[in-house]
Amino acid sequence: MKHLPLFFDLLGRRVVVVGEGPAADRRAALARSAGAEVRQLSDIRVDDLRGAAAVFVATGDLDHDTVAQRVAKSLGVPVNVADRPALCDFILPAIVDRDDVVVAISTGGASPTLAATLRGRIEAVLPERIGSLARLAATFRAQVNALIVDPARRRTFWRRLVEGPAARLVLAGDDAGARRTALGELDDARRRLAPVGIAHIVGAGPGDPDLLTLKAAQLLREADVILHDDLVPPAVLARARRDAELVPVGKRKGRARWTQDEINAELVRRVRASQTVVRLKAGDPFVFGRGGEEVGALREAGLPVAIVPGVTAALGCAASVGIPLTHRKLASAVTFVSGHSAEGSREAAWPALAAQGHTLAIYMGATEAASVRDRLLRAGAEPTTPVAIIENGTRPDERLSTGRLADLARLAASHSRGDAGPSLIIVGDVAALASGDFAEEWQQPLAKVS
Ligand SMILES: C[S@@+](CC[C@H](N)C(=O)[O-])C[C@H]1O[C@@H](n2cnc3c(N)ncnc32)[C@H](O)[C@@H]1O
(Lines give C-alpha, C1' and ligand atoms only; values in the text may rest on other atoms or scores of the structure.)
Protein backbone atom coordinates (compact mmCIF):
# COMPACT_ATOMS: atom_id res chain seq x y z
CA MET A 1 0.00 0.00 0.00
CA LYS A 2 1.53 3.30 -1.12
CA HIS A 3 -0.72 5.62 0.88
CA LEU A 4 -2.63 5.04 4.09
CA PRO A 5 -6.31 5.96 3.61
CA LEU A 6 -7.43 8.24 6.46
CA PHE A 7 -10.59 10.30 6.76
CA PHE A 8 -9.69 13.80 7.88
CA ASP A 9 -12.10 15.77 10.12
CA LEU A 10 -12.00 19.28 8.64
CA LEU A 11 -15.12 20.63 10.31
CA GLY A 12 -14.50 24.30 11.18
CA ARG A 13 -10.82 24.05 10.28
CA ARG A 14 -8.98 26.30 7.87
CA VAL A 15 -8.01 24.85 4.50
CA VAL A 16 -6.05 26.93 1.98
CA VAL A 17 -6.42 26.46 -1.75
CA VAL A 18 -3.71 28.11 -3.87
CA GLY A 19 -4.69 28.71 -7.48
CA GLU A 20 -7.66 29.57 -9.66
CA GLY A 21 -9.46 27.57 -12.30
CA PRO A 22 -11.45 24.34 -12.30
CA ALA A 23 -8.91 22.12 -10.46
CA ALA A 24 -8.53 24.65 -7.63
CA ASP A 25 -12.31 25.27 -7.50
CA ARG A 26 -13.03 21.53 -7.28
CA ARG A 27 -10.68 21.18 -4.33
CA ALA A 28 -12.19 24.21 -2.61
CA ALA A 29 -15.70 22.78 -3.07
CA LEU A 30 -14.63 19.39 -1.76
CA ALA A 31 -13.06 20.87 1.38
CA ARG A 32 -16.17 23.02 1.93
CA SER A 33 -18.42 19.94 1.61
CA ALA A 34 -16.49 18.45 4.55
CA GLY A 35 -17.24 21.58 6.62
CA ALA A 36 -13.83 23.26 6.24
CA GLU A 37 -13.43 27.02 6.30
CA VAL A 38 -11.81 27.50 2.89
CA ARG A 39 -9.52 30.35 1.89
CA GLN A 40 -8.74 30.43 -1.83
CA LEU A 41 -5.69 32.51 -2.92
CA SER A 42 -4.26 33.28 -6.32
CA ASP A 43 -0.83 33.77 -4.77
CA ILE A 44 0.92 32.23 -1.83
CA ARG A 45 0.87 34.19 1.46
CA VAL A 46 2.79 32.71 4.35
CA ASP A 47 0.47 34.14 7.00
CA ASP A 48 -2.56 32.45 5.45
CA LEU A 49 -0.85 29.08 5.53
CA ARG A 50 0.28 29.25 9.12
CA GLY A 51 -1.94 27.03 11.30
CA ALA A 52 -3.94 25.66 8.33
CA ALA A 53 -5.15 22.05 8.51
CA ALA A 54 -4.17 21.36 4.89
CA VAL A 55 -3.14 23.12 1.69
CA PHE A 56 -4.26 22.31 -1.83
CA VAL A 57 -2.12 23.76 -4.59
CA ALA A 58 -3.42 23.92 -8.15
CA THR A 59 -1.89 26.89 -9.97
CA GLY A 60 -1.14 24.87 -13.11
CA ASP A 61 2.37 26.37 -13.23
CA LEU A 62 5.31 24.22 -12.05
CA ASP A 63 7.31 27.10 -10.54
CA HIS A 64 4.31 28.51 -8.65
CA ASP A 65 3.28 25.05 -7.50
CA THR A 66 6.79 24.31 -6.24
CA VAL A 67 7.06 27.57 -4.30
CA ALA A 68 3.69 27.05 -2.63
CA GLN A 69 4.55 23.43 -1.79
CA ARG A 70 7.87 24.48 -0.19
CA VAL A 71 6.22 27.16 1.95
CA ALA A 72 3.58 24.68 3.18
CA LYS A 73 6.25 22.11 3.97
CA SER A 74 8.37 24.65 5.86
CA LEU A 75 5.34 25.42 8.05
CA GLY A 76 4.58 21.72 8.59
CA VAL A 77 1.17 21.90 6.85
CA PRO A 78 0.23 18.78 4.83
CA VAL A 79 0.08 19.68 1.14
CA ASN A 80 -1.50 18.28 -2.01
CA VAL A 81 -0.41 19.55 -5.44
CA ALA A 82 -2.74 18.80 -8.34
CA ASP A 83 -1.24 16.44 -10.93
CA ARG A 84 2.21 16.43 -9.27
CA PRO A 85 2.30 13.30 -7.10
CA ALA A 86 6.00 13.79 -6.29
CA LEU A 87 5.15 17.05 -4.48
CA CYS A 88 2.25 15.62 -2.43
CA ASP A 89 2.07 14.69 1.25
CA PHE A 90 -1.37 13.25 0.59
CA ILE A 91 -3.34 12.43 -2.53
CA LEU A 92 -7.01 12.91 -3.35
CA PRO A 93 -8.90 9.67 -3.91
CA ALA A 94 -11.83 9.12 -6.25
CA ILE A 95 -14.85 9.44 -3.98
CA VAL A 96 -18.28 7.82 -3.75
CA ASP A 97 -20.25 10.15 -1.51
CA ARG A 98 -23.51 8.95 0.06
CA ASP A 99 -23.81 11.33 3.02
CA ASP A 100 -22.15 9.64 5.99
CA VAL A 101 -21.04 6.70 3.89
CA VAL A 102 -17.99 7.63 1.86
CA VAL A 103 -15.86 5.27 -0.21
CA ALA A 104 -12.40 6.47 -1.22
CA ILE A 105 -10.55 4.78 -4.08
CA SER A 106 -6.88 5.20 -4.81
CA THR A 107 -4.57 3.67 -7.37
CA GLY A 108 -1.62 5.32 -5.65
CA GLY A 109 -1.67 7.98 -8.35
CA ALA A 110 -1.00 5.35 -11.05
CA SER A 111 -4.24 5.78 -13.00
CA PRO A 112 -7.00 8.27 -12.22
CA THR A 113 -9.00 6.66 -15.07
CA LEU A 114 -8.90 3.27 -13.35
CA ALA A 115 -9.95 4.93 -10.09
CA ALA A 116 -12.89 6.61 -11.88
CA THR A 117 -13.91 3.29 -13.46
CA LEU A 118 -13.84 1.57 -10.07
CA ARG A 119 -15.86 4.41 -8.60
CA GLY A 120 -18.53 3.87 -11.28
CA ARG A 121 -18.73 0.18 -10.44
CA ILE A 122 -19.00 0.81 -6.72
CA GLU A 123 -21.64 3.47 -7.29
CA ALA A 124 -23.69 0.96 -9.28
CA VAL A 125 -23.79 -1.60 -6.45
CA LEU A 126 -24.06 0.77 -3.50
CA PRO A 127 -27.72 1.50 -2.67
CA GLU A 128 -28.63 5.15 -3.14
CA ARG A 129 -29.89 5.45 0.45
CA ILE A 130 -26.99 3.74 2.19
CA GLY A 131 -26.22 7.06 3.94
CA SER A 132 -29.66 6.96 5.56
CA LEU A 133 -28.85 3.51 6.89
CA ALA A 134 -25.71 4.88 8.51
CA ARG A 135 -27.80 7.66 10.08
CA LEU A 136 -30.30 5.10 11.40
CA ALA A 137 -27.44 3.16 13.01
CA ALA A 138 -26.07 6.37 14.53
CA THR A 139 -29.40 7.16 16.20
CA PHE A 140 -29.35 3.74 17.92
CA ARG A 141 -25.72 3.71 19.06
CA ALA A 142 -26.18 5.09 22.59
CA GLN A 143 -29.33 3.03 23.33
CA VAL A 144 -27.74 -0.20 22.10
CA ASN A 145 -24.62 0.32 24.19
CA ALA A 146 -26.77 0.97 27.23
CA LEU A 147 -29.34 -1.82 26.74
CA ILE A 148 -27.37 -4.74 25.26
CA VAL A 149 -24.48 -5.46 27.55
CA ASP A 150 -23.25 -8.74 26.08
CA PRO A 151 -20.77 -7.96 23.22
CA ALA A 152 -21.77 -11.00 21.12
CA ARG A 153 -25.47 -10.09 21.28
CA ARG A 154 -24.61 -6.51 20.52
CA ARG A 155 -22.70 -7.58 17.40
CA THR A 156 -25.68 -9.72 16.33
CA PHE A 157 -27.98 -6.74 16.77
CA TRP A 158 -25.75 -4.49 14.63
CA ARG A 159 -25.35 -7.08 11.89
CA ARG A 160 -29.09 -7.50 11.76
CA LEU A 161 -29.66 -3.76 11.74
CA VAL A 162 -27.42 -3.18 8.72
CA GLU A 163 -28.37 -6.34 6.78
CA GLY A 164 -31.87 -7.22 7.91
CA PRO A 165 -35.43 -5.91 7.73
CA ALA A 166 -34.75 -2.41 9.12
CA ALA A 167 -31.99 -1.92 6.56
CA ARG A 168 -34.25 -3.08 3.74
CA LEU A 169 -36.96 -0.68 4.80
CA VAL A 170 -34.65 2.31 5.07
CA LEU A 171 -33.12 1.53 1.67
CA ALA A 172 -36.65 1.36 0.25
CA GLY A 173 -37.33 4.86 1.60
CA ASP A 174 -39.47 3.87 4.59
CA ASP A 175 -37.52 5.60 7.38
CA ALA A 176 -40.40 5.46 9.86
CA GLY A 177 -40.98 1.73 9.24
CA ALA A 178 -37.25 1.08 9.58
CA ARG A 179 -37.13 2.88 12.90
CA ARG A 180 -40.14 0.99 14.21
CA THR A 181 -38.60 -2.33 13.14
CA ALA A 182 -35.22 -1.47 14.67
CA LEU A 183 -36.89 -0.46 17.94
CA GLY A 184 -38.75 -3.79 17.98
CA GLU A 185 -35.49 -5.64 17.37
CA LEU A 186 -33.75 -3.70 20.10
CA ASP A 187 -36.54 -4.62 22.47
CA ASP A 188 -36.35 -8.28 21.43
CA ALA A 189 -32.55 -8.30 21.81
CA ARG A 190 -32.86 -6.76 25.25
CA ARG A 191 -35.40 -9.41 26.24
CA ARG A 192 -33.40 -12.14 24.42
CA LEU A 193 -36.27 -12.93 22.02
CA ALA A 194 -35.76 -14.03 18.41
CA PRO A 195 -36.51 -11.07 16.11
CA VAL A 196 -38.99 -11.27 13.22
CA GLY A 197 -37.77 -11.39 9.63
CA ILE A 198 -38.99 -9.51 6.56
CA ALA A 199 -40.77 -10.33 3.33
CA HIS A 200 -39.80 -8.75 0.03
CA ILE A 201 -42.45 -8.98 -2.66
CA VAL A 202 -40.19 -8.97 -5.70
CA GLY A 203 -40.84 -8.76 -9.44
CA ALA A 204 -38.71 -11.26 -11.37
CA GLY A 205 -39.36 -9.70 -14.78
CA PRO A 206 -40.53 -11.66 -17.83
CA GLY A 207 -37.81 -14.32 -17.78
CA ASP A 208 -34.51 -12.93 -19.05
CA PRO A 209 -32.39 -12.81 -15.87
CA ASP A 210 -30.64 -9.68 -17.10
CA LEU A 211 -33.99 -7.90 -16.80
CA LEU A 212 -34.00 -8.33 -13.02
CA THR A 213 -33.63 -4.99 -11.26
CA LEU A 214 -30.39 -4.44 -9.32
CA LYS A 215 -32.43 -4.57 -6.13
CA ALA A 216 -34.09 -7.87 -7.05
CA ALA A 217 -30.73 -9.44 -7.93
CA GLN A 218 -29.27 -8.27 -4.63
CA LEU A 219 -32.21 -9.69 -2.65
CA LEU A 220 -31.89 -13.04 -4.41
CA ARG A 221 -28.33 -13.19 -3.10
CA GLU A 222 -29.47 -12.38 0.46
CA ALA A 223 -32.72 -14.30 0.97
CA ASP A 224 -33.01 -17.27 3.32
CA VAL A 225 -35.95 -18.56 1.33
CA ILE A 226 -37.52 -17.79 -2.06
CA LEU A 227 -41.19 -18.60 -2.61
CA HIS A 228 -41.55 -18.47 -6.39
CA ASP A 229 -44.19 -18.81 -9.07
CA ASP A 230 -43.98 -21.51 -11.76
CA LEU A 231 -43.55 -18.74 -14.31
CA VAL A 232 -40.17 -17.77 -12.86
CA PRO A 233 -37.67 -19.70 -15.02
CA PRO A 234 -34.58 -21.60 -13.76
CA ALA A 235 -32.27 -18.97 -15.31
CA VAL A 236 -33.65 -16.40 -12.84
CA LEU A 237 -33.61 -18.79 -9.87
CA ALA A 238 -29.95 -19.50 -10.68
CA ARG A 239 -29.19 -15.98 -9.44
CA ALA A 240 -30.24 -16.97 -5.90
CA ARG A 241 -27.76 -17.65 -3.13
CA ARG A 242 -26.64 -21.25 -3.44
CA ASP A 243 -27.95 -22.34 -0.04
CA ALA A 244 -31.22 -20.41 -0.21
CA GLU A 245 -34.31 -22.59 0.16
CA LEU A 246 -36.39 -22.55 -3.05
CA VAL A 247 -40.11 -23.21 -2.61
CA PRO A 248 -42.27 -23.43 -5.77
CA VAL A 249 -45.72 -22.12 -4.90
CA GLY A 250 -46.96 -21.99 -8.48
CA LYS A 251 -50.64 -21.92 -9.17
CA ARG A 252 -50.70 -22.39 -12.91
CA LYS A 253 -54.14 -22.80 -14.31
CA GLY A 254 -55.50 -26.33 -14.13
CA ARG A 255 -52.95 -27.69 -11.67
CA ALA A 256 -53.35 -25.66 -8.54
CA ARG A 257 -50.96 -26.51 -5.75
CA TRP A 258 -51.03 -23.66 -3.28
CA THR A 259 -54.05 -21.49 -2.69
CA GLN A 260 -53.47 -17.76 -2.23
CA ASP A 261 -54.45 -18.12 1.44
CA GLU A 262 -51.84 -20.83 1.90
CA ILE A 263 -49.16 -18.64 0.31
CA ASN A 264 -50.13 -15.71 2.54
CA ALA A 265 -49.99 -17.94 5.63
CA GLU A 266 -46.59 -19.33 4.60
CA LEU A 267 -45.20 -15.82 4.18
CA VAL A 268 -46.45 -14.81 7.62
CA ARG A 269 -45.13 -18.01 9.24
CA ARG A 270 -41.64 -17.63 7.77
CA VAL A 271 -41.30 -13.93 8.58
CA ARG A 272 -42.36 -14.69 12.15
CA ALA A 273 -39.62 -17.35 12.20
CA SER A 274 -36.98 -14.60 11.61
CA GLN A 275 -36.40 -15.45 7.94
CA THR A 276 -35.57 -13.01 5.15
CA VAL A 277 -38.18 -14.09 2.62
CA VAL A 278 -38.29 -13.22 -1.06
CA ARG A 279 -41.67 -13.77 -2.67
CA LEU A 280 -40.57 -13.89 -6.30
CA LYS A 281 -43.32 -13.22 -8.79
CA ALA A 282 -43.19 -13.20 -12.58
CA GLY A 283 -43.09 -9.76 -14.18
CA ASP A 284 -44.22 -7.08 -11.75
CA PRO A 285 -45.84 -8.19 -8.48
CA PHE A 286 -48.59 -5.60 -8.74
CA VAL A 287 -49.65 -6.35 -12.34
CA PHE A 288 -52.02 -9.34 -12.39
CA GLY A 289 -49.85 -10.77 -9.64
CA ARG A 290 -51.98 -10.69 -6.48
CA GLY A 291 -49.01 -9.00 -4.84
CA GLY A 292 -51.42 -6.60 -3.16
CA GLU A 293 -53.10 -9.45 -1.31
CA GLU A 294 -49.78 -10.76 0.00
CA VAL A 295 -48.71 -7.30 1.16
CA GLY A 296 -52.12 -6.95 2.85
CA ALA A 297 -51.74 -10.26 4.72
CA LEU A 298 -48.27 -9.32 6.01
CA ARG A 299 -49.36 -5.83 7.04
CA GLU A 300 -52.39 -7.22 8.79
CA ALA A 301 -50.07 -9.51 10.77
CA GLY A 302 -47.98 -6.43 11.68
CA LEU A 303 -44.90 -7.78 9.86
CA PRO A 304 -42.33 -5.84 7.82
CA VAL A 305 -42.74 -6.01 4.07
CA ALA A 306 -41.06 -4.20 1.16
CA ILE A 307 -42.02 -4.20 -2.52
CA VAL A 308 -39.60 -4.35 -5.45
CA PRO A 309 -41.16 -3.72 -8.86
CA GLY A 310 -40.25 -5.76 -11.93
CA VAL A 311 -40.46 -5.47 -15.71
CA THR A 312 -43.99 -6.56 -16.51
CA ALA A 313 -44.61 -9.00 -19.38
CA ALA A 314 -46.13 -6.33 -21.66
CA LEU A 315 -43.01 -4.17 -21.48
CA GLY A 316 -40.57 -7.09 -21.75
CA CYS A 317 -42.40 -8.79 -24.65
CA ALA A 318 -43.02 -5.57 -26.58
CA ALA A 319 -39.38 -4.56 -26.34
CA SER A 320 -38.19 -8.02 -27.26
CA VAL A 321 -40.14 -8.13 -30.54
CA GLY A 322 -39.80 -4.43 -31.36
CA ILE A 323 -43.39 -3.30 -30.77
CA PRO A 324 -43.62 0.25 -29.43
CA LEU A 325 -46.69 0.14 -27.17
CA THR A 326 -47.42 3.76 -27.94
CA HIS A 327 -46.48 5.47 -31.17
CA ARG A 328 -46.96 9.09 -32.11
CA LYS A 329 -48.95 8.14 -35.22
CA LEU A 330 -50.53 4.84 -34.25
CA ALA A 331 -51.43 4.68 -30.57
CA SER A 332 -51.73 7.24 -27.82
CA ALA A 333 -52.93 4.88 -25.09
CA VAL A 334 -52.09 1.43 -23.85
CA THR A 335 -54.06 -0.80 -21.51
CA PHE A 336 -52.96 -3.94 -19.70
CA VAL A 337 -55.96 -6.21 -19.53
CA SER A 338 -56.59 -9.77 -18.40
CA GLY A 339 -58.11 -12.05 -21.04
CA HIS A 340 -59.01 -14.58 -18.43
CA SER A 341 -62.26 -13.79 -16.70
CA ALA A 342 -61.51 -15.31 -13.31
CA GLU A 343 -64.40 -15.94 -11.00
CA GLY A 344 -65.05 -12.94 -8.82
CA SER A 345 -62.89 -10.58 -10.91
CA ARG A 346 -64.27 -7.39 -12.45
CA GLU A 347 -64.85 -7.57 -16.20
CA ALA A 348 -63.02 -4.95 -18.33
CA ALA A 349 -65.02 -2.35 -20.26
CA TRP A 350 -64.33 -3.84 -23.72
CA PRO A 351 -66.00 -1.08 -25.81
CA ALA A 352 -63.45 1.43 -24.52
CA LEU A 353 -60.65 -1.02 -25.22
CA ALA A 354 -61.73 -1.59 -28.82
CA ALA A 355 -61.16 2.06 -29.77
CA GLN A 356 -58.71 2.95 -32.51
CA GLY A 357 -55.38 4.44 -31.53
CA HIS A 358 -55.37 2.22 -28.45
CA THR A 359 -52.97 -0.66 -27.78
CA LEU A 360 -54.10 -3.63 -25.71
CA ALA A 361 -51.63 -5.88 -23.95
CA ILE A 362 -53.70 -8.92 -23.04
CA TYR A 363 -52.37 -11.14 -20.27
CA MET A 364 -53.61 -14.71 -19.80
CA GLY A 365 -55.48 -14.46 -23.09
CA ALA A 366 -54.06 -17.26 -25.27
CA THR A 367 -56.42 -19.96 -24.02
CA GLU A 368 -59.38 -17.58 -24.30
CA ALA A 369 -58.44 -16.08 -27.65
CA ALA A 370 -61.80 -16.80 -29.32
CA SER A 371 -63.67 -15.10 -26.51
CA VAL A 372 -61.23 -12.14 -26.52
CA ARG A 373 -61.70 -11.77 -30.29
CA ASP A 374 -65.51 -11.93 -30.01
CA ARG A 375 -65.62 -9.43 -27.15
CA LEU A 376 -63.44 -6.98 -29.12
CA LEU A 377 -65.40 -7.40 -32.38
CA ARG A 378 -68.73 -6.99 -30.55
CA ALA A 379 -67.33 -3.85 -28.95
CA GLY A 380 -66.60 -2.37 -32.40
CA ALA A 381 -62.96 -3.29 -33.18
CA GLU A 382 -62.02 -3.76 -36.86
CA PRO A 383 -61.46 -7.44 -37.83
CA THR A 384 -58.31 -6.34 -39.69
CA THR A 385 -56.69 -4.83 -36.57
CA PRO A 386 -53.12 -6.18 -36.34
CA VAL A 387 -52.35 -8.62 -33.51
CA ALA A 388 -49.17 -10.22 -32.22
CA ILE A 389 -48.78 -13.15 -29.85
CA ILE A 390 -45.51 -13.44 -27.97
CA GLU A 391 -44.85 -16.71 -26.18
CA ASN A 392 -42.00 -17.02 -23.65
CA GLY A 393 -41.16 -13.37 -24.24
CA THR A 394 -37.51 -12.35 -23.57
CA ARG A 395 -36.46 -16.00 -23.12
CA PRO A 396 -34.28 -18.09 -25.45
CA ASP A 397 -37.38 -19.99 -26.68
CA GLU A 398 -39.41 -16.84 -27.44
CA ARG A 399 -41.91 -17.29 -30.27
CA LEU A 400 -43.78 -14.59 -32.15
CA SER A 401 -46.89 -14.92 -34.35
CA THR A 402 -48.55 -12.02 -36.11
CA GLY A 403 -51.87 -11.69 -37.90
CA ARG A 404 -55.24 -9.95 -37.83
CA LEU A 405 -57.82 -9.82 -35.04
CA ALA A 406 -60.23 -12.01 -37.07
CA ASP A 407 -57.59 -14.80 -37.01
CA LEU A 408 -56.72 -14.47 -33.33
CA ALA A 409 -58.17 -17.82 -32.22
CA ARG A 410 -56.33 -19.74 -34.94
CA LEU A 411 -53.04 -17.97 -34.18
CA ALA A 412 -53.40 -18.56 -30.47
CA ALA A 413 -54.23 -22.25 -30.89
CA SER A 414 -50.59 -23.01 -31.73
CA HIS A 415 -49.52 -21.17 -28.56
CA SER A 416 -51.85 -22.84 -26.09
CA ARG A 417 -51.05 -26.45 -26.99
CA GLY A 418 -49.28 -28.90 -24.69
CA ASP A 419 -46.62 -27.40 -22.45
CA ALA A 420 -46.54 -24.01 -24.19
CA GLY A 421 -45.07 -21.18 -22.11
CA PRO A 422 -46.81 -17.96 -21.08
CA SER A 423 -48.17 -15.89 -23.94
CA LEU A 424 -49.05 -12.25 -24.26
CA ILE A 425 -51.35 -10.87 -26.95
CA ILE A 426 -50.86 -7.37 -28.31
CA VAL A 427 -53.78 -5.87 -30.24
CA GLY A 428 -53.59 -2.58 -32.11
CA ASP A 429 -51.92 -0.94 -35.10
CA VAL A 430 -48.53 -1.00 -33.36
CA ALA A 431 -48.60 -4.83 -33.45
CA ALA A 432 -47.88 -4.54 -37.17
CA LEU A 433 -44.39 -3.30 -36.30
CA ALA A 434 -43.35 -6.60 -34.73
CA SER A 435 -40.08 -7.85 -36.09
CA GLY A 436 -41.07 -11.23 -37.49
CA ASP A 437 -41.55 -13.07 -40.74
CA PHE A 438 -44.35 -10.73 -41.76
CA ALA A 439 -42.65 -7.53 -40.69
CA GLU A 440 -42.34 -6.18 -44.20
CA GLU A 441 -45.97 -6.77 -45.08
CA TRP A 442 -46.98 -5.11 -41.80
CA GLN A 443 -45.01 -1.94 -42.50
CA GLN A 444 -47.90 -0.97 -44.84
CA PRO A 445 -50.23 0.58 -42.27
CA LEU A 446 -47.36 2.62 -40.90
CA ALA A 447 -46.42 3.84 -44.39
CA LYS A 448 -50.02 4.96 -44.85
CA VAL A 449 -50.10 7.17 -41.82
CA SER A 450 -46.61 8.65 -42.07
C1 LIG B 1 -50.60 -14.27 -13.68
S2 LIG B 1 -50.03 -13.23 -14.93
C3 LIG B 1 -48.62 -12.54 -14.21
C4 LIG B 1 -48.19 -11.28 -14.84
C5 LIG B 1 -46.95 -10.72 -14.22
N6 LIG B 1 -47.20 -10.29 -12.86
C7 LIG B 1 -46.34 -9.57 -15.03
O8 LIG B 1 -46.32 -8.43 -14.54
O9 LIG B 1 -45.90 -9.82 -16.15
C10 LIG B 1 -49.38 -14.40 -16.06
C11 LIG B 1 -49.45 -13.93 -17.49
O12 LIG B 1 -48.40 -13.00 -17.73
C13 LIG B 1 -48.02 -13.10 -19.08
N14 LIG B 1 -46.57 -13.41 -19.13
C15 LIG B 1 -45.73 -13.48 -18.09
N16 LIG B 1 -44.48 -13.71 -18.50
C17 LIG B 1 -44.53 -13.77 -19.84
C18 LIG B 1 -43.55 -13.99 -20.86
N19 LIG B 1 -42.26 -14.17 -20.56
N20 LIG B 1 -43.96 -14.00 -22.14
C21 LIG B 1 -45.25 -13.80 -22.45
N22 LIG B 1 -46.22 -13.59 -21.54
C23 LIG B 1 -45.86 -13.57 -20.25
C24 LIG B 1 -48.84 -14.20 -19.72
O25 LIG B 1 -49.97 -13.60 -20.32
C26 LIG B 1 -49.24 -15.00 -18.52
O27 LIG B 1 -50.42 -15.73 -18.74
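Residues numbered from 1 in each chain as written. Predicted model: local features only at pLDDT ≥ 70, side-chain atom pairs only at ≥ 80, totals over all residues.

1. Some points on the sheet that holds strand β14 (residues 386–391)
Defined as follows: In this analysis, strands are considered paired if DSSP registers two or more bridges between them. Note on conventions: DSSP H or I runs of at least 4 residues are helices, E runs of at least 2 residues are strands, and numbering of each starts at the N terminus. What counts as an axis is a line fitted to C-alpha atoms, over the stretch in contact for a helix, and the angles between N-to-C directions run from 0 to 180 degrees.
Strand order across the open sheet formed by five strands is β12-β13-β16-β14-β15, with mixed pairing between neighbours. The sheet is open, and its two edges are formed by β12 (333–338) and β15 (399–404), each paired on a single side. Here the average twist between neighbouring strands, direction ignored, is 20°. Both strand β13 (residues 358–363) and strand β16 (residues 423–427) contribute to a ladder of three bridges, which runs antiparallel. By the bridge assignment, Ala361 is partnered in β16 with Ile426.

2. Some remarks on the site of the ligand
We count it as follows: Working rule for contacts: place C-beta from the backbone, and if it is within 6 Å of a molecule or strand, that residue counts as near it. Domain delimitation follows an automatic or database domain assignment.
Within the structure, the ligand sits among 23 residues, and Gly283, Thr312, Ala313, Gly393 and Pro422 are positioned closest to it. Listing elements by their share of the shell around the ligand, those giving two or more residues are α13 (313–321) and β16. A domain-level breakdown of the shell around the ligand finds at least three residues from each of domain 3 (196–311) and domain 4 (314–449).

3. Quick look at the domain arrangement of the protein chain
Just so we agree on the cut-off: Here contacts are defined at the residue level, using C-beta atoms placed from the backbone and a cut-off of 7 Å between them. Note that Gly is not counted as nonpolar here; it falls among the polar residues with everything else outside the nonpolar set of Ala, Val, Leu, Ile, Met, Phe, Trp, Tyr, Cys and Pro and the charged set of Asp, Glu, Lys and Arg.
According to the domain assignment, the protein chain contains domain 1 (14–92), domain 2 (127–195), domain 3 (196–311) and domain 4 (314–449). Inter-centroid distance (C-alpha atoms) of domain 2 to domain 3 is 24 Å. At the junction of the two partners, domain 2 supplies nine residues and domain 3 supplies eight residues. Listed by contribution, the elements that provide at least two residues to the side of domain 2 that touches domain 3 are α7 (165–171) and α8 (175–190). Among the elements that take part in the side of domain 2 that touches domain 3, α7 stands out by supplying three residues, more than any other. Looking at the side of domain 2 that touches domain 3, its residues break down into five nonpolar, three polar and one charged.

4. Section: helix α12 (residues 291–300)
How we decide: To sort residues by exposure, count the other C-beta atoms lying within 10 Å of each residue's C-beta; 20 or more gives buried, 12 or fewer gives exposed, and values between give partly exposed, all with C-beta atoms placed from the backbone. Note that the arc is defined by the directions from the helix axis to the C-beta atoms.
Restricting attention to buried positions, one finds in α12 the residues Gly291, Glu294, Val295 and Leu298. Seen end-on, α12 carries its buried residues on one side only, within an arc spanning 100°. Residues of α12 that are exposed and point more than 90 degrees away from the buried face comprise Gly292 and Glu300. On its buried side, α12 packs onto β7 (198–203), α11 (260–272), β10 (276–281) and β11 (305–308). Backbone geometry just after α12 places Gly302 at a positive phi near 75°.

5. Concerning the packing of helix α6 (residues 151–163) against α8
For clarity, the threshold we go by: Throughout, the term roughly parallel applies to angles under 35 degrees, roughly antiparallel to angles over 145, roughly perpendicular to angles from 65 to 115, and oblique to all others. We call a crossing left-handed when the near helix sits turned anticlockwise from the far one by less than a right angle, and right-handed when that turn is clockwise.
Between α6 and α8, whose axes approach to 11 Å, the crossing angle comes to 160°. One finds that α6 runs roughly antiparallel with respect to α8. Considering the relative orientation of α6 and α8, their crossing is right-handed. Within the contact between the two elements, α6 uses Arg153, Phe157, Arg160 and Leu161 and α8 uses Ala182, Glu185, Leu186 and Ala189. When grouped by side-chain class, the residues that make up the contact of α6 with α8 number five nonpolar, no polar and three charged.

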